[in-house]
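Overview (structure and organization)
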Amino acid sequence: MMRPLKQPVSVLVVLHDGNGSILLLERADRAGFWQSVTGSVEPGESPAQTALREVAEETGIILPAAALDDWQHSTVYEIYPHWRHRYPPGVTENTEHTFSARIDRHTAVHLSEHTAYCWLDTAAAAEKVFSPSNREAILKLAGRSKAV
C-alpha cells in the first residue's frame, strides 16, 4: 500500500522535564539520527492537534491540550533530498511549527516509530539532534517561562 504524500507543514514537540532534561528519540529509518517528536500535519488538523497526536503516536504519552506550549513560532527549512519523495512533486521546503510540553521524567515511553529514547541535559541534547531547528528549539527552551 502506498502512503499518501505529506503536506509540507509539520510540528516539532520538545518534551522536557522542567529541570533541564530533554527526551530524544532515535529514528528507526536513520540509525544515529536523534530528534524530538516530529510529524506532518494531516488534512483537517491544526498544528496543535498534530502535536498532540504525534506525541501519542511516537511515545504513547497522552497529553492534555493544556499541557502543550504553543510557541507561536515556525521555521521554514529545505527538505532533505532523500525525504522529498514523501511530498508532492516540486515541494522542497517545509514549515515546522514549534511546541513543547513538560512531562515527568518517569513517565512510561512506548516507542512505535523509533528504536530508542534517552533523556539528556540541554547541551547534550542540542549536540545530539541532527536537525538545526530542533537544536535551536532545545537551546531556546531554557528561556521560556513554562520551561521552569
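Everything numeric in this text was worked out from a predicted model, so none of it was measured.

The sites that carry the UniProt feature "binding site: substrate" (unreviewed entry) are, in the present numbering, K6, R27, T38 and S131. Topologically, R27 is positioned in strand β2 (residues 21–27). The buried category is assigned to R27, whose relative accessible area is 14%. Those residues in contact with R27, other than ones at most four positions away along the chain, are F33, Q35, W83, R86, H114, T115 and F130. For R27, the side chain forms a polar contact with the side chain of D29, separated by 2.8 Å. On the secondary structure map, S131 appears in the loop between α2 (122–128) and α3 (132–141).

Within the secondary structure, E58 is located in helix α1 (residues 47–59). Exposure remark for E58: the relative accessible area of 2% places this residue in the buried category. C-alpha separation for the pair E58 and A31, spaced 27 residues apart in sequence, amounts to 16 Å. With near-sequence residues (within four places) excluded, E58 lies in contact with L25, V37, T38, H110, L111, S112, E113 and H114.

Further remarks concern the nonpolar core. Counting 17 residues, the largest nonpolar core has V13, L15, V55, L63 and I103 as its most contacted members. Elements that contribute at least two residues to this core include exactly β1 (9–16), β2, α1 and β6 (93–102). Ranked by the residues each element gives to this core, the list is headed by β1, at 3 residues. Those residues in contact with L15 that sit more than four places away from it in its chain are S21, I22, L23, V37, V55, T59, L63, A101, I103 and W119.

The subject of this paragraph is the UniProt feature "domain: Nudix hydrolase" (unreviewed entry) in the protein. Within this numbering scheme, the UniProt entry marks residues 4–142 as carrying the feature "domain: Nudix hydrolase" (unreviewed entry). Taken end to end, residues 4–142 is 22% helix and 36% strand, and its two terminal C-alpha atoms sit 37 Å from one another.

Here the focus is α1. It helps to recall that an α-helix has 3.6 residues per turn; residues three or four apart then point in one direction. The first and last C-alpha atoms of α1 sit 18 Å apart over 13 residues, in line with the 18 Å expected at 1.5 Å per residue. Tucked into the core, α1 has its buried residues touching β1, β2, β4 (37–40), β5 (68–78), β6 and β7 (114–121).

The residue Q72 is not glycine, and still its phi comes out positive at about 55 degrees. For Q72, the position within the fold is in strand β5.

Under the criterion given, the structure shown has 8 salt bridges. The closest approach of N and O atoms between D29 and R86, which form a salt bridge, is 2.9 Å. Of this pair, D29 sits in the loop between β2 and β3 (34–35) while R86 sits in the loop between β5 and β6; the two residues are 57 residues apart in sequence, bridging distant segments of the chain. A residue is classified by how much of its surface remains accessible, and D29, at 38% relative accessible area, is partly exposed. The shortest N-O distance in the salt bridge between K140 and E136 comes to 2.9 Å. In this pair, K140 and E136 are both assigned in helix α3, 4 residues apart and thus about one turn of the helix distant. Overlapping salt bridges bring together E42, E45, R53, E54 and E57 as one network.

Cut-off values and rules
- Residues numbered from 1 in each chain as written.
- Predicted model: local features only at pLDDT ≥ 70, side-chain atom pairs only at ≥ 80, totals over all residues.
- Heavy atoms only, no water.
- UniProt positions renumbered as here; feature names shortened; annotations may be inferred.
- Helix = DSSP H or I, 4+ residues; strand = E, 2+ residues; numbered from the N terminus.
- Buried < 20%, exposed > 50% of the residue type's maximum accessible area, 1.4 Å probe, protein only.
- Contact = heavy atoms within 4.5 Å.
- Polar contact = N/O pair within 3.5 Å; in protein donor to acceptor, adjacent residues only side chain to side chain.
- Core = buried A, V, L, I, M, F, W, Y, C linked by side-chain atoms within 4.5 Å.
- Expected span 1.5 Å × (residues − 1).
- Salt bridge = Lys/Arg side-chain N within 4 Å of Asp/Glu carboxyl O.

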